Structure formats: structure tokens, C-alpha cells
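# Understanding the architecture of this molecule
Okay, here's what each chain looks like letter by letter:
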Amino acid sequence: MLICSLSVPAAAQGILIVGDSISAAFGLEISDGWATLLEQRLADENQPLLVHNASVSGDTTAGGLARLPALLEQHAPDLVILELGGNDGLRGLPPDNMQQNLTAMVQRSRAAGADVILLGMRIPPNYGVRYTRAFEQVYRNIAEQQQVPLVPFLLDGVAGRSELMQADGIHPNAQGQPGILDNAWPVIREWVLTQPSAATND
């Protein structure tokens, strides 16, 4: 588990990221990953928010669901950001199971007193049109049914651009990380601005 945390007041609110290699800065220095860049941006905007990055390379939605209770107990986050599903898709796992796992994560996070943001992914077209459509629909279904803010495709504008990707063509490089943050930032910032602390830190 990767933890990035700047020096902030003890009473600061916390953000928990539960993701896979995309959020775990696979192949990069942790300091270059979008999660660290998020904490830096929050600090630049004078928002006292800890970012706990509990992302694990290779993790699936089932793995994230299994890890979640302990993470919620350990960090007591105000916001949980879910970035999972890519490995389910790459392994061809049933989209219905993926939806059940992510829905359970949303519900358990809320039961622990946290808000939730969902970061969507897409998979290569070689898995077939039916599967890729069903995969993408999972995120839209959860966003609608659970009323969760959604970033439809976290790697929008990054994936498919060789200058922003590592040699494997799957993981963004250091130059691609700011683009990932830019995709996630609008929904995160909207949440931040609804928090009581935001009014005194603008």
C-alpha cells in the first residue's frame, strides 16, 4: 500500500484512493504518480486534505472489495475514490460481478461515512464489441443507480498517445500523469468545494 501525505493539520479531512496500477504509479517513482500530484494540487489550493493511496498493481474489484473494510477502519476517509475494473476487463471477468463488487464498495464506503467518486476505465477493442460495451456500461450503471459522481474514462486524452504511455502501451508514463489528474480533478474539486473547510481555505 502506498501512502502519500503532506504535513497538514490533524483535523484535516482525508481522501482514500482504492485503485490498481494506474493509481499505484506502476513503473514510476511514487512522486510522479497522479495521486501524489493530487495532494500537491490540493496543497496549492490551500485545502488541508490528506491523500491515502491504497492502490495495488494488478488488483481487481474483488480484491479491492476484500481490502476495503480494513482501509476504511484504518483511515476513516471523508472521500473514497474508486479506480478499479481495468484488471477485471483485461482478464475477461464477468461485468455483472464487477458491477456487484463496485456497488458493494460504494455502499460500504457510505456506511462508513465517506462520499464516493468513481473513476471509469475502458479496455482494448480486441475483447469484442459486446464485452467492451458491457464493461463500460458498468460504470454508468453504478453512477446512475448509486448517484455517484463519475469520470467516464480516467485516461481520456492520455491512452493511445505514445508520448504519454510506457512501452507496454497500457500504463501512462510520468508525462501522462498530469493528464490523468486533469481528468479526475473537476469532480474531486467539486467535492472539495462542498466541504465545510473549503469556505475558510479558498
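Read on for an overview of the structure. (Residues numbered from 1 in each chain as written. Predicted model: local features only at pLDDT ≥ 70, side-chain atom pairs only at ≥ 80, totals over all residues. Heavy atoms only, no water.)

## Some thoughts on the nonpolar core
When a protein is soluble and globular, its nonpolar side chains tend to lie buried together. Of all hydrophobic cores here, the largest spans 55 residues; its most connected members are Val18, Trp34, Leu38, Ile81 and Ile188. Once residues within four sequence positions are removed from consideration, Val18 is found in contact with Ala54, Ser55, Gly64, Arg67, Leu68, Leu71, Val80, Ile81, Leu82, Glu83, Leu84 and Met105. (Core = buried A, V, L, I, M, F, W, Y, C linked by side-chain atoms within 4.5 Å. Buried < 20%, exposed > 50% of the residue type's maximum accessible area, 1.4 Å probe, protein only. Contact = heavy atoms within 4.5 Å.)

## Some remarks on the side chain of Asp59
By secondary structure assignment, the location of Asp59 is in the loop between strand 2 (49-53) and helix 2 (61-75). Among the polar contacts made by the side chain of Asp59, one reaches the main-chain amide nitrogen of Gly64 at a distance of 3.5 Å. With sequence-adjacent residues up to four places away left out, Asp59 is seen in contact with Gly19, Asp20, Gly64, Arg67, Leu84 and Asn87. (Helix = DSSP H or I, 4+ residues; strand = E, 2+ residues; numbered from the N terminus. Polar contact = N/O pair within 3.5 Å; in protein donor to acceptor, adjacent residues only side chain to side chain.)

## Brief notes about the pattern of salt bridges
The tally for this structure, following the rule as stated, stands at five salt bridges. Asp182 serves as the salt-bridge partner of Arg41, at 3.0 Å between the closest nitrogen and oxygen. In this pair, Arg41 is assigned in helix 1 (residues 34-44) and Asp182 in helix 6 (residues 177-193), connecting sequence segments 141 residues apart. A salt bridge links Glu136 to Arg122; the shortest N-O distance between them is 3.9 Å. With Glu136 in helix 5 (residues 129-146) and Arg122 in the loop between strand 4 (115-119) and helix 5, this pair connects stretches of sequence that are 14 residues apart. Residue classification places Arg122 among the partly exposed residues on the basis of a relative accessible area of 42%. (Salt bridge = Lys/Arg side-chain N within 4 Å of Asp/Glu carboxyl O.)

## Regarding the sheet that holds strand 2
The strand order across the open sheet built from five strands is 2-1-3-4-5, with neighbouring strands paired in parallel fashion. Each edge of the sheet is formed by a strand with only one pairing partner; in this case those strands are strand 2 and strand 5 (150-151). Judged from the four bridges that link them, strand 3 (residues 79-83) and strand 4 form a sheet pairing that is parallel. Residue pairing across strands places Ile81 opposite Ile117, the latter belonging to strand 4. Relative to the sheet, helix 6 contacts strand 1 (13-19), strand 2, strand 3, strand 4 and strand 5, its axis offset from that of strand 4 by approximately 170 degrees. (Pairing = 2+ DSSP bridges. Axes fitted to C-alpha atoms, helices over the stretch in contact; angles between N-to-C directions.)

## A closer look at the pairing of strand 1
Burial analysis of strand 1 places seven of its seven residues in the buried class, the great majority of the element. Pairing geometry for strand 1 and strand 2, over five bridges, is parallel. Bridge pairing in strand 2 links Ile15 to Val51. Across five bridges, strand 1 lies against strand 3 in parallel orientation. Bridge assignment links Ile17 to a residue of strand 3, and that residue is Ile81.

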